[in-house]
Amino acid sequence: MPTTMRNPKLQELPLTEAAVAEQNGQKHQTKYGSVTLSPPPGADALAAMTEPTHDSYGRRVRYLRISLTDACNLRCVYCMPEHMQFRPRHELMSDDEIIFLVNVAASLGVDKIRLTGGEPTIRPGVVDLVHRISTVPGIRDVAMTTNALLLDKLAQPLADAGLGRVNISIDTIDPERFRRITRWGDIEDVWRGIDAAEKAALLPIKLNCVVTRGFNEEDVIDLAGLTMENDWEVRFIEMMPFGEVSDFQLSHVVSFREIRQNVESVFGPLEEASYDFVDPSRPFRIPGAAGTLGFISSVTEPFCQGCGRVRLTADGKLRLCLLRDDEVDLLSPLRAGADFDKIRALMKDGAFHKPWGHGLDSGVFAENRAMNQIGG
Ligand code: SAM
Ligand code: SF4
């Protein structure tokens, strides 16, 4: 079966006139006027100015996650409402703007990029963009988080363009429950995507599973079982509350402890695997398994100590913490003509003010955006 999307309305993202003009290499008109970016410094100048950046708690900021689009070819129940309104194309960062901001980030010591969304693979020109990002001086590692529906066709071109790894979202291996969680997805597309990713050596394969009460608690057993034969990391993620769907999320959260207990009730006590205290996923292994399990307990046991991540939202805001609304607008000043040094100063100052800890216990929620806009 080909990897086409199930909703016929979504088979192609509509391109605005501005996006078409941009694809054809013309300047486009935005609400800020005609965009002309000041050129980033050359490779030598960039290398000369590159320095590590730390926040006010002494954490080194070296990891930038970029949301390439807020749009998606699925509608997972924990991520966005079924009738989600997406931003018009001209409000999103263009390829040139993304490359400019990646250059700025690299000059501040960022060496690792993750492309996410929405669904990053539906962005027009994503393969070229990956190539451009992976050749920015200083960028060592480019990864992607994807629902894998389009990987059957894109895994090899993306790998050839410089993508190193993928994390693939799969919350159940049951076709009916997969359809219910994603609202219309076909799990066969995901299996084909995983297969293509392995063939293209986008390794190690990491599978992300958000555990949602009433939807897939029992599926953690089958998903954990995949690691017996496959050298994959299956990561269980506590659901996090955001924006319009936070009521749903809070009432359906399953804690890391409960997930672990469920897995151990079938497979016995898990062994701890080696942990770098940087990855949010704490690794374990079922004794004798080929792969590992990871637990991402963002809500009940946050992992702020090792967090060196900042995010670029699809509309060009530097988001300082996933679970807080603190953001620095980079795209508006960039479109208003700010040069490299000015944007660099804004990014550096933002990174310095990266917060510590979420405020969920005291009723502080990230309300301004849904997960697809932030890039989880
Ligand atoms: N569409 C891609 C995908 O699903 O992998 C990338 C974007 S998605 C927003 C990134 C990750 O965030 C996915 O693994 C998804 O399961 C996770 N996610 C989405 N909403 C979440 C929520 N409310 N809490 C925790 N994780 C969430
Ligand atoms: Fe789309 Fe990923 Fe959100 Fe699911 S989790 S709706 S695949 S952006």
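A.B. asks: Break down the nonpolar core for me, citing the residues and quoting the values.
C.D. replies: Within the largest apolar cluster, 95 residues are counted, with the highest numbers of intra-cluster contacts made by Ala105 and Cys209. No other element matches the seven residues that helix 3 (residues 95-107) contributes to this core. Setting aside residues no more than four positions away along its own chain, Cys209 makes contact with Ile170, Asp171, Leu223, Val234, Arg235, Phe236 and Ile237.

A.B. asks: For the environment of Leu322, give the residues involved together with the corresponding values.
C.D. replies: Relative to the elements of secondary structure, Leu322 occurs in the loop between strand 13 (317-319) and strand 14 (327-329). What makes Leu322 buried here is the crowd of 21 C-beta atoms within 10 Å. For Leu322 and Met240, which are 82 residues apart along the polypeptide, the C-alpha to C-alpha distance reads 9.4 Å. Ignoring any residue separated from it by four or fewer positions in sequence, one finds Leu322 in contact with Arg311 and Ile374.

A.B. asks: Break down helix 8 (residues 219-229) for me, citing the residues and quoting the values.
C.D. replies: Since there are 3.6 residues in each turn of an α-helix, residues three or four apart along the chain are aligned in direction. Among all positions in helix 8, only Asp219, Val220, Leu223, Ala224 and Thr227 are buried. One side of helix 8 carries all its buried residues, which in axial view fall inside an arc of 135°. Exposed and facing more than 90 degrees away from the buried side of helix 8 are Met228 and Glu229.

A.B. asks: Describe the sheet that holds strand 4 (residues 112-116), listing the residues and the values that go with them.
C.D. replies: What the 12 strands build is an open sheet, ordered 9-10-11-8-7-6-5-4-3-12-13-14; its pairing is mixed. Only two strands of the sheet have a single partner each, and these edge strands are strand 9 (271-272) and strand 14. With four bridges joining them, strand 5 (residues 141-146) and strand 6 (residues 165-169) adopt parallel strand pairing. Paired with Thr146 across the bridge in strand 6 is Ile168. In this fold helix 8 packs onto strand 7 (206-211), strand 8 (233-238) and strand 11 (292-296), with an angle of close to 150° to the strand it touches most, strand 8. Contacts from helix 10 (residues 256-267) reach strand 7, strand 8 and strand 11 within the one sheet, and its direction differs from that of strand 11 by about 155°.

Cut-offs applied
Per chain, residue numbering runs from 1 following the sequence as it is written. Throughout, the order in which chains and ligands are written sets their labels, letters from A for the former and numbers from 1 for the latter. Per-residue local features of the predicted model are confined to residues with pLDDT of at least 70, and side-chain atom pairs are confined, for both listing and counting, to 80 or more; whole-chain, interface and lining totals are unaffected and use all residues. As used throughout, a nonpolar core is a set of buried Ala, Val, Leu, Ile, Met, Phe, Trp, Tyr and Cys residues joined through C-beta atoms within 7 Å of each other. Put plainly, a residue is buried at 20 or more neighbouring C-beta atoms within 10 Å of its own, exposed at 12 or fewer, and partly exposed in between, counting only other residues' C-beta atoms, which are placed from the backbone. Put simply, DSSP H or I for four residues or longer makes a helix, DSSP E for two residues or longer makes a strand, and each gets a number counted from the N terminus. Think of it this way: build a C-beta for each residue from its backbone, and any pair within 7 Å is a contact. Within this analysis, the arc is defined by the directions that extend from the helix axis to the C-beta atoms. Here the rule is simple: two strands pair whenever DSSP picks up at least two bridges between them. Angles shown run from 0 to 180 degrees and are taken between the N-to-C directions of axes, each axis being a line fitted to C-alpha atoms and, for helices, limited to the stretch in contact.

Remember, this is a structural readout, not a statement about activity or role.
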